[in-house]
Structures are given as structure tokens and as C-alpha cells.
Amino acid sequence: MKFIVSLLLLVFQVKFSTAQTETTYAEKLGYPKGAKIIILHIDDMGMSYDSNIGGIEAMTKGVANSCSVMMPCPWVPGFVHYMKAHPGLDAGLHLTLTSEWKDYRWGPLSGKPQTPGLTDPEGAMWRGVADVVKHASADEVETEIRAQIDRAKTMGFEPTHLDSHMGTLFATPAFIERYIKVGIEYQIPVMFPGGHNTLIAQELKNTSADMQMARAVGKKLWDAGLPVLDDLYNDSYSWKPTPGIYANDKKLQAYKTGKYIEVLKSLQPGITMIIMHCTNTTEVFEHISDSGPTRRGDYLAMMDPALKKFIEKEGIILTTWREMMDRRRVQ
């Protein structure tokens, strides 16, 4: 969601020395100089059956190539069982500290006695980021992060990376510090744009000084042996076509594919992660969330041969968190 990146300014207050990145992290990982590298990343795996099917199809039949899983959610076993039967998928943890829907909810894996600040009056996680900031301590956040990693490992799922549902881990310097701390400790890459950050700077109208602070965080991760993104695009959730387009799959696919092509045309050299939510919606999903049409549009775009053709024509290279970490180990 858009506010993931809108919270980065707060993240930059973390006390790291500033550093300027002259060489892209893509080059440092051995990708060709000047190359445009992308991760087409699907959030919210495990959230629902429809989310699982849409994400799996977008990765196995379409051009999406990475995803992350919401470990507290009901359909996690369904996705993890599929992943174990089909090894090689690039799947991380979509670290989840909120439960935003009205009637479809989940609670912290660490349990209310350990993390009461993460639990709302219904016994689920808070619906919004602001409530997590208001009620939860950084210690509780770290406890829940570890619980979600532990569940994954217990299931035989070794995550390729960590990122943050609804951007909650970017909401305060203390939260981001724990996020980075745990990633470094477990040697699991963490989603953080620490390079030139061109698309983020355009979205937030950030200054050069802001970007230097972000690059300092990237340097800390790199120095700890983890790969780092050069840029991040996270605005696709806000694309709003007319209702008539939503009602027609062909028109929705054409609209969303066109929007993704616009983003790809704007890329600068380096590794850019592009976030989306691919869902093959059934009649059930509308009872979970009203975001179904947006998510279905992402799914249709990733399945569109026109998008694959554009990526190939432009010479854009697809990568994954797994591949980046493999490259980082030999640098």
C-alpha cells in the first residue's frame, strides 16, 4: 500500500551514518552495469484461498516471480503445502501486525499473554497501523516477528526475505530497528530500498539529504551480508480505473498492464521491487474485502502476454530474493 513508502521519512531518523551509493546494488551483486533488474512481488499469500490461487498462477503461468506470506492467516498451510510440493518458489514473510478487515480476522501468533499490546478488544490484531503504534511496544513487535519466523521454520518453510504488511514496521524508528535487527540476526534479507530510490523520491518529493539517510540504512544491511534494493515501487494499490473497467476482465487487464508498462518505462538502472496483490477472485472474496477488483487487476496484468513481451523487448532482467542472496554470499 502507498503508505508503506510514505512512512520511510520516519525510518530515516534511525541513527546510522550517511553514505552515498555511486554503484548500484545490482552491479555489486554482479548484474550488468546499467541493467534494469526487477522483482515482481506479490503480497498477502496465505491470506485467503483466492489470494493463494491468484498468486500461484501469477508466478507459475504469468510473469510475477516473488511473493510473501502472512503467517497468522488461515490459508497459510494451503500455500506452504503447495510450495513444498513445488520447490523453487521465491517466498518470504509478509510480517503481519494488523488485521484490517471487518469480518475476517486473525490474532498474533505470539498470543495475547505475551503481546497484549498487539491485540485489540476482539482478540485480533489492531485494524490500523496507528493503533499498533499507540498500543504496542518495540519488544512486543520483535516477539511477534520472531513468532512468525518460528512458525514458518516449524512448517519447513525457509523464507527468502522479510517485508511488512501495511508498512507497520516502517511506522516508528524503534519498529524498523527491530525489523533490521532480526533480519541481520537470522541472515534473512529485508525489504528496504537503500540505493538511488528514484521512484520513492518522486512519490514523496524527498530531498537529497533524505535519500542519503536511506542509503545509510542500505549500507548497514549490505555490510551485514544482505542484499539491498536500489528502489521500490509500491503505488499500484492506488490505481483507480472507472467502475466500467472493473466490470470487464479484458478492459481491466488492458488498463493494469498499461499502468505496469508505464512503471517499467520509468525504471532507473538497479534492482527495483514492484509490489502488487494478485488475487483470482471468486464470489467469496467480496465478503473478505472490497479490494477484490484491484487485486484481480494485478492478477490479470501478470498473466498478460503483452506484459511479458514488453519486459523481454526492453531487456529488463527478472530476479528474486533467493537469487540476490545467493549472489550476495559470493561477493
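Refer to the preceding data block for the structure.
Residues numbered from 1 in each chain as written. Predicted model: local features only at pLDDT ≥ 70, side-chain atom pairs only at ≥ 80, totals over all residues. Heavy atoms only, no water.

Colleague: Just to check I follow, could you spell out the side chain of D120 for this structure?
Modeller: Structurally, D120 can be placed in the loop between strand 3 (91-95) and helix 6 (129-135). In this structure D120 comes out as buried when scored by relative accessible area, which is 7%. Of the polar contacts made by the side chain of D120, one reaches the side chain of R105; its length is 2.8 Å. Among residues more than four places away in sequence, those in contact with D120 are R105, M125, W126 and R127. (Helix = DSSP H or I, 4+ residues; strand = E, 2+ residues; numbered from the N terminus. Buried < 20%, exposed > 50% of the residue type's maximum accessible area, 1.4 Å probe, protein only. Polar contact = N/O pair within 3.5 Å; in protein donor to acceptor, adjacent residues only side chain to side chain. Contact = heavy atoms within 4.5 Å.)

Colleague: It is not clear to me how the packing of helix 4 (residues 49-60) against helix 5 (residues 76-85) should be interpreted in this structure. Could you clarify?
Modeller: Relative placement of two packed helices is described by the angle separating their axes and the distance separating the axes. Packing of helix 4 against helix 5 leaves a shortest axis separation of 10 Å and a crossing angle of 25°. Judged on the interaxial angle alone, helix 5 and helix 4 are roughly parallel. As helix 4 packs across helix 5, the resulting crossing turns out to be right-handed. Residues N52, I56, M59 and T60 of helix 4 touch helix 5, and the partners they reach there are G78, F79 and Y82. Looking at the contact of helix 4 with helix 5, its residues break down into 4 nonpolar, 3 polar and no charged. (Axes fitted to C-alpha atoms, helices over the stretch in contact; angles between N-to-C directions. Parallel < 35°, antiparallel > 145°, perpendicular 65-115°, else oblique. Left-handed = near helix turned anticlockwise from the far one by under 90°. Nonpolar A, V, L, I, M, F, W, Y, C, P; charged D, E, K, R; others polar.)

Colleague: Could you clarify how one ought to interpret the pattern of salt bridges in this entry?
Modeller: Where charged atoms of side chains with opposite charge meet at close range, the side chains can pair. Evaluated as defined, the whole model comprises 17 salt bridges. Note that K33 is salt-bridged to E27, the shortest N-O span being 3.7 Å. On the basis of relative accessible area, E27 is assigned to the partly exposed category, the value being 23%. For K153, the salt bridge identified is with E158, shortest N-O distance 2.7 Å. Its relative accessible area of 34% is what places K153 among the partly exposed residues. (Salt bridge = Lys/Arg side-chain N within 4 Å of Asp/Glu carboxyl O.)

Colleague: Can you help me understand the nonpolar core in this one?
Modeller: Nonpolar side chains in soluble globular proteins tend to end up buried together. Counting 100 residues, the largest nonpolar core has F79, Y179 and M302 as its most contacted members. Per-element accounting of this core gives the leading share, 6 residues, to strand 1 (residues 36-45). Filtering out sequence-adjacent residues up to four positions away, F79 remains in contact with M45, N52, I56, M59, C67, V69, L89 and A91. (Core = buried A, V, L, I, M, F, W, Y, C linked by side-chain atoms within 4.5 Å.)

Colleague: What is the right way to look at the packing of helix 12 (residues 249-265) against helix 13 (residues 292-302) in this model?
Modeller: As a packed pair, helix 12 and helix 13 sit with axes 8 Å apart at the nearest point and diverge in direction by 75°. Comparing their axes, helix 13 and helix 12 come out roughly perpendicular. Of helix 13, the residues touching helix 12 (which contributes D249, L252, Q253, K256, T257 and Y260) are P293, T294, R296, G297, D298, L300, A301 and M302. Of the residues assigned to the contact of helix 12 with helix 13, the class counts are 6 nonpolar, 4 polar and 4 charged.

Colleague: Would you take a moment to explain the pairing of strand 6 (residues 270-276) for this structure?
Modeller: In the case of a regular strand, side chains alternate between the two sheet surfaces. Here strand 6 lies mainly inside the structure; 7 of its 7 residues are buried. Burial along strand 6 is two-sided: G270, T272, I274 and M276 and I271, M273 and I275, pointing in opposite directions, are all buried. Pairing geometry for strand 1 and strand 6, over 7 bridges, is parallel. Residue pairing in the sheet places I37 in a bridge with I271 of strand 6. Across 3 bridges, the pairing between strand 5 (residues 231-233) and strand 6 is parallel. The residue bridging D231 from the neighbouring strand is T272, located in strand 6. (Pairing = 2+ DSSP bridges.)

Colleague: Looking at this model, I keep getting lost on the packing of aromatic side chains. Mind explaining?
Modeller: The way to describe two aromatic rings as a pair is by their centre distance and the angle between their planes. With the rule as written, the count across this model stands at 7 aromatic pairs. Seen from their ring centres, W239 and Y260 are 4.8 Å apart, and the 70° between their planes marks the pair as edge-to-face. Note that W239 is positioned in the loop between strand 5 and helix 11 (243-246) and Y260 in helix 12, a separation of 21 residues in sequence. For W239, a relative accessible area of 6% translates into the label buried. On the basis of relative accessible area, Y260 is assigned to the buried category, the value being 2%. Through pairs of rings, three or more aromatic residues link up here, namely F170, Y179 and F192. Above the ring of W222, the side-chain terminus of K28 is found at 5.5 Å from the ring centroid. (Phe/Tyr/Trp six-rings, centres within 6.5 Å; stacked < 30°, edge-to-face > 60°. Lys NZ or Arg CZ within 6 Å of the ring centre and 35° of its normal.)

Colleague: Would you take a moment to explain helix 12 for this structure?
Modeller: Helical geometry: 3.6 residues make up each α-helical turn, so side chains three or four residues apart lie on a common side. Compared with the 24 Å implied by 1.5 Å per residue over 17 residues, the 24 Å span of helix 12 between its first and last C-alpha is a close match. Among the residues of helix 12, those classed as buried are L252, K256, T257, Y260, I261, V263 and L264. Taken down its axis, helix 12 places every buried residue within 165° of arc, on the same side. Exposed positions of helix 12 whose direction lies more than 90 degrees from the buried face are K250, K251, A254 and K265. Elements in contact with the buried residues of helix 12: strand 1, strand 5, helix 11, strand 6, helix 13 and helix 14 (305-314). (Expected span 1.5 Å × (residues − 1). Arc of directions from axis to C-beta.)

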